[in-house]
Amino acid sequence: MELYIITFKHGNYTIAAYSNLEKYKLTNIKLSQTPFSIKSECDLCLKTKDLETLKLIIRECRGKYPIDNVYSTIKQNGLLVYKLLPLTFD
């Protein structure tokens with residue numbers, strides 16, 4: 001199962017984005033610490049397992065909360081592998 005990690009420029013943006021997204025009553029979004037393997041200025045991130053939720057997060061945050069990067073996480077040979085994704089999904 002794929003996991004998507006969204007990092008923001010600062011922790012305040014992450015918390016504000018999470019609070020803004022609560023109005024959608026999403027159950028598959030989680031506020032979490034950024035994995036150590038991901039080099040990010042912010043120590044908080046949003047995680048989701050659903051591509052449609054990821055698209056909604058990007059759409060809602062664009063222009064309001066600066067998204068730093070989006071990663072896909074896959075487990076290979078017992079290790080987590082992070083892949084940087086583009087911020088546009090068609």
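Let me sum up the structure you'll find in this document. (Residues numbered from 1 in each chain as written. Predicted model: local features only at pLDDT ≥ 70, side-chain atom pairs only at ≥ 80, totals over all residues. Heavy atoms only, no water.)

Before going further, it helps to spend a moment on the overall build of the protein. For the protein, the helix and strand inventory stands at two helices and five strands. The C-alpha radius of gyration computed for the protein amounts to 12 Å, which stays within 12% of the reference 12 Å derived for 90 residues, consistent with globular compactness. Across its three principal directions, the C-alpha atoms of the protein cover 40 × 25 × 25 Å. A total of 90 residues make up the protein; the buried ones form 39% of that total. For the protein, contacts bridging at least 24 residues in sequence account for 64% of all contacts bridging at least 6. (Helix = DSSP H or I, 4+ residues; strand = E, 2+ residues; numbered from the N terminus. Rg over C-alpha atoms; globule rule 2.2 N^0.38 Å. Buried < 20%, exposed > 50% of the residue type's maximum accessible area, 1.4 Å probe, protein only. Contact = heavy atoms within 4.5 Å.)

One pass over the structure, following the stated rule, counts three salt bridges. We note a salt bridge from lysine 9 to aspartate 68, for which the minimum N-O separation is 3.5 Å. One end of the pair, lysine 9, is in the loop between strand S1 (3–8) and helix H1 (11–21); the other, aspartate 68, is in strand S4 (residues 67–76), with 59 residues separating them in the sequence. The closest approach of N and O atoms between lysine 64 and glutamate 60, which form a salt bridge, is 3.7 Å. Here lysine 64 falls in the partly exposed class, since its relative accessible area comes to 45%. (Salt bridge = Lys/Arg side-chain N within 4 Å of Asp/Glu carboxyl O.)

This part takes up helix H2 (residues 51–61). For H2, every residue scored as buried is listed here: Thr53, Leu54, Leu56, Ile57, Ile58, Glu60 and Cys61. Taken together, the buried residues of H2 touch S1, H1, strand S2 (29–33), strand S3 (44–48) and S4. Downstream of H2 by one or two residues, glycine 63 has phi in the positive range, about 90 degrees.

Right, let's get into the nonpolar core. One finds Ile6, Phe8, Leu46, Ile57, Cys61, Ile67 and Val70 to be the most contacted residues of the largest nonpolar core, which totals 15 residues. Secondary-structure elements contributing two or more residues to this core are S1, H1, H2 and S4. Per-element tally for this core: the top contributor is H2, with four residues. Beyond its immediate stretch of four places on either side in the chain, phenylalanine 8 contacts Tyr13, Thr14, Ala17, Ser40, Cys42, Leu46, Cys61, Tyr65, Pro66, Ile67 and Asp68. (Core = buried A, V, L, I, M, F, W, Y, C linked by side-chain atoms within 4.5 Å.)

Fair warning: the whole summary comes from geometry, so function is off the table for now.
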